[in-house]
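Okay, here's what each chain looks like letter by letter:
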Amino acid sequence: MASPCEVHVADASRDLAGRVLEAVAGEARRIERKWSRYRTDNVVHEINTAGGRTVTVDEETARLIDYAANLFELSDGRFDITSGVLREVWKFDGSDRVPTRAAVAAVLAKVGWRRARWRRPELTLEPGMQIDFGGIGKEYAVDRAAALASAISNRCLLNFGGDLLATGPPADGRPWRVGIEGLAHPTRAAKEIDLKQGALATSGDARRFLLKDGKRLGHILDPRSGWPVEGGPRSVTVAAPTCTEAGMLATFALLHGPDAEAFLAAQGVRHWCLH
Amino acid sequence: MQLKKRKPMRKLRNVGTPLAAATCALLGQAAPRTVDAQELAPWDFDTSFLIYSEADGRVQDLSLNGIARKELREDSFLNLTFALDSLTGASPSGAAPSNVVQTFTSPSGNASYTAGAVNPVLDSTFHDQRIAASGSWQWPVTRLTLMDVGASISNEYDYTHLGVDAKVARDFNNRNTTLSFGVALASDTVDPVGGAPVPLAPMLGLGNMASKRGDDSKDVTDFLIGVTQVVNRKTIVQLNYSLSNSDGYLNDPYKILSVVDAVTGSPVPGPAGSGLYRYLYEGRPDSREKQSLFGLVKHDFDGNVLEASLRYMTDDWGVDSQTLDVHYRWGLKDGRYLQPHVRYYSQTAADFYHTVLFDGRPVPQFASADYRLGEFDAITLGLKYGMPTKKGEWSARLEWYQQTGNADPAARVGVLTNLDLYPDLNALIAQVSYKFGRR
Amino acid sequence: MTGIRRRLAVCAALAAAGAALGGCAGVEPWQRDVLARPDMQLVADPLEAAADEHIYFSKEASSGGQGFGGGGCGCN
């Protein structure tokens, strides 16, 4: 998950809280093991080292790939799980080392969901292509873990690195009080939100960026061009019934750059943008 | 995956519904739960309308109040309050009832009013509007120390108040213990209708202002030291000691005392040509020192809260009082609640409280017949109901307040023996409030 | 005057007791859920408290205790 994960359980005995924690942590670890691109023993590794070979995936992975394919269409190609290879030329470490157009173009040849062949449950990538579930995995984990937690207690709040989901309020009539991290002061909330149930997911570029000639380049890359999306908000938070939906809408919004707010307004969802 | 020929897409299509449907398919959920997320407003508001109504034609007060609170930066708050009051009705003047009709000169000196035989003497010549406002700023000086500074003003027809206050609170013991210290300074100006009367001077006839002077003022200094202690997860206690010193004009300019015959209890004639019986304007000392000890405990019983407090007060005017105040907040479903309230109050009379003065005896240095300085018990019974709404909370309360006092036993002579020298005070309090904003 | 001195002594003793109590009671920060509730605050309803303070200040000889009187008035 690459971030601290926690679950809050209200009005619970030590035993109950322990069971919720076990369920949530167990599910988070399972998903991490299954789809982390850093591991060499999972289906993602198999796909990424297949070298043009067809790989048959399990039911859960198939559902996730179906979802990613849907997202690709819905976002007009802005959301693309094959865009991960761009990290070979883009290192967002705060320096001014921006890649050349030629370098980006070279890597871009290995990006594009259209180049992949998906005939459920068989996935065939061109040699050199890679898939990366990083954009969906954390939010999916929150939803799955929350489903397991709600079977035990309905007063849980999950927080996986800023992606939140409340299964229900901590007490009747009272909400969870959560904050959206500010840009200037990370420890001080820019906005405070009362959450009774549902999810809040945040996408942003507060920490990873490049700075060249006074221009700040955020780490959200447009897979169609290979270059960072410009002119958008630095952080987008969306409220939705599930964390996956909230996360995807937040990501889509950022991918729309300057049209982010208009995009979110068109969806009719509660959102907050920080510039 | 084969491409279908795409029409040029509108940039901002609504993807919400297909996204929700796709997410449903991914997560395998039949019906997604709804989302309930509300951004907190920057301001907290608390407003109320109150009606205070005493029986027997006495005082009525309509009051509009508001508090606004804003968080300026983390843990730093700005508080603003305002109050508007409209007072009507009649107030006991301190004169004793008698078996004859009594005539009085109104405070302005331009009119007179009467009290029928046997009836309590009420002065109905005042109607007043009062406006008050205050502001305070609270901020953390260090992580464990909170500072609060504030100012207040109020104005009514015959009274102006200006005040400043400061308080510092420090946490100890893992924030389980808080020590507070506060100071308040006030400077009030009294400009009574007709002028402030000379203490213990006689009430004169229409147009005669010889017993009256101009305006006057008083200064009040308050100190408070307190400790708050968390006892356990469900209990908190507070103990405060306060010292208050007032200096200056402390009289009630509209209160008088009756001078009666020591044997018959009947009023005696007033100054020649005034057409009045003999009444003296009250005179209190020009300083007062009050001390009080206040203790409070709040305990949670699984969502129901009991709050009980006890206050002892003593001052150098000879008044001692005890107050016991209990609230029980009974939580109902969905955040609604019912809160019964009982308050018991008891005070002794001031040393210079006299129900009446006797003709022929030396006039004391200080004297007042103001029922509020007499010996009495008071009880309040109330019920409050609260109901949260999407953005706030409505509440309404109804309380009944009754004061039962004892007149000076020495006053029961002659005709005064069977008259009601200390009528009960019965008042109804109704308040409707609405809170909205952050909390 | 002795009455006042005695009362001062009582209150000093109570304060000392309070301080001693401080040493053995209390909760950890994560146990403050109940105490953080609005209805468990020392002054849960400031407008109600202010209204009551004003009424009783006008009708009785005592005032304050939990806080200062916020503003005087010529209440009669």
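Residues numbered from 1 in each chain as written. Chains lettered and ligands numbered in written order. Predicted model: local features only at pLDDT ≥ 70, side-chain atom pairs only at ≥ 80, totals over all residues. Heavy atoms only, no water.

A. Spotlight on the overall build of chain C. Scanning chain C from N- to C-terminus turns up 2 helices and 0 strands. For chain C, the proportion of its 76 residues judged to be buried stands at 41%. As displayed, chain C offers around 3,700 Å² of accessible surface, 64% of which is attributable to carbon and sulfur atoms. (Helix = DSSP H or I, 4+ residues; strand = E, 2+ residues; numbered from the N terminus. Buried < 20%, exposed > 50% of the residue type's maximum accessible area, 1.4 Å probe, protein only. Areas by Shrake-Rupley, 256 points an atom, 1.4 Å probe, with all protein chains shown as cover.)

B. Broad picture of empty space enclosed by the protein. Residues and elements named next belong to chain B. On inspection of all chains with the given rule, the structure shows 7 cavities of 30 Å³ or more. Approximately 230 Å³ is the volume attributed to the largest cavity. Lining the largest cavity are 18 residues, and of these P92, G94, A95, L421 and P423 sit closest to its centre. (1 Å grid on protein atoms, 1.4 Å probe; cavity = no way out; pocket = protein on both sides within 12 Å on 5 of 7 lines; lining within 4 Å. Points joined across faces, edges and corners; volume = space filled by probe spheres on them.)

C. Structural context of the nonpolar core. Judged by nonpolar contacts, the single largest core of 68 residues is most densely connected at W113, L123, I136, L158 and F160 of chain A. Sequence-distant contacts of F160 of chain A, that is, excluding residues within four places in its chain, are made with M1, P4, C5, E6, V24, A28, K138, A141, V142 and A145 of chain A. Residues V59, V319, F352 and A427 of chain B belong to the second largest nonpolar core, which totals 36 residues. (Core = buried A, V, L, I, M, F, W, Y, C linked by side-chain atoms within 4.5 Å. Contact = heavy atoms within 4.5 Å.)

D. Up close: the interface of chain A and chain B. At the interface, 50 residues of chain A touch 34 residues of chain B. Overall, the association of chain A and chain B removes approximately 3,800 Å² of surface from exposure, summing both partners, and the carbon and sulfur fraction of that is 55%. When the buried area of chain A at its contact with chain B is split by residue, L74, R114 and Q197 of chain A rank highest and sum to 16% of it. Scanning the region where chain A abuts chain B turns up 0 salt bridges. For the pair chain A and chain B, the number of links is 10 residue pairs in polar contact (both at pLDDT 80 or more). Counting only elements with at least two residues in the side of chain A that touches chain B, the list comes to α3 (59-74), β3 (117-119), α5 (134-150), β6 (163-166), β8 (189-204), β13 (235-240), α6 (243-255) and α7 (260-267) of chain A. When residues in the side of chain A that touches chain B are grouped by element, the largest group, 9 residues, is from β8 of chain A. Partitioning the side of chain A that touches chain B into residue classes produces 23 nonpolar, 10 polar and 17 charged. In the sheet, β8 of chain A pairs with strand β1 (residues 36-39) of chain B via 4 bridges, with the strands oriented antiparallel. (Buried area = accessible area lost by both parts, 1.4 Å probe. Salt bridge = Lys/Arg side-chain N within 4 Å of Asp/Glu carboxyl O. Polar contact = N/O pair within 3.5 Å; in protein donor to acceptor, adjacent residues only side chain to side chain. Nonpolar A, V, L, I, M, F, W, Y, C, P; charged D, E, K, R; others polar. Pairing = 2+ DSSP bridges.)

E. View of the sheet that holds strand β2 (residues 54-56) of chain A. Residue and element names in this part refer to chain A. Pairing within the open sheet is antiparallel, and its 3 strands lie in the order β2-β4-β3. Whereas interior strands pair on both sides, the edge strands pair on one side only; in this sheet they are β2 and β3. Adjacent strand axes in the sheet meet at a mean angle of 15°, parallel and antiparallel pairs treated alike. Across 3 bridges, β3 lies against strand β4 (residues 122-124) in antiparallel orientation. (Axes fitted to C-alpha atoms, helices over the stretch in contact; angles between N-to-C directions.)

F. Region of the structure containing the packing of α5 of chain A against α6 of chain A. All names here are of chain A. Put simply, α5 and α6 touch, their axes get as near as 7 Å, and they point 155° apart. Comparing their axes, α6 and α5 come out roughly antiparallel. At the point where α5 passes α6, the crossing takes the right-handed sense. Along the contact surface, α5 presents G135, I136, E139, Y140, V142 and D143, while α6 presents C243, T244, G247 and M248. A class-by-class count of the residues in the contact of α5 with α6 yields 5 nonpolar, 3 polar and 2 charged. (Parallel < 35°, antiparallel > 145°, perpendicular 65-115°, else oblique. Left-handed = near helix turned anticlockwise from the far one by under 90°.)

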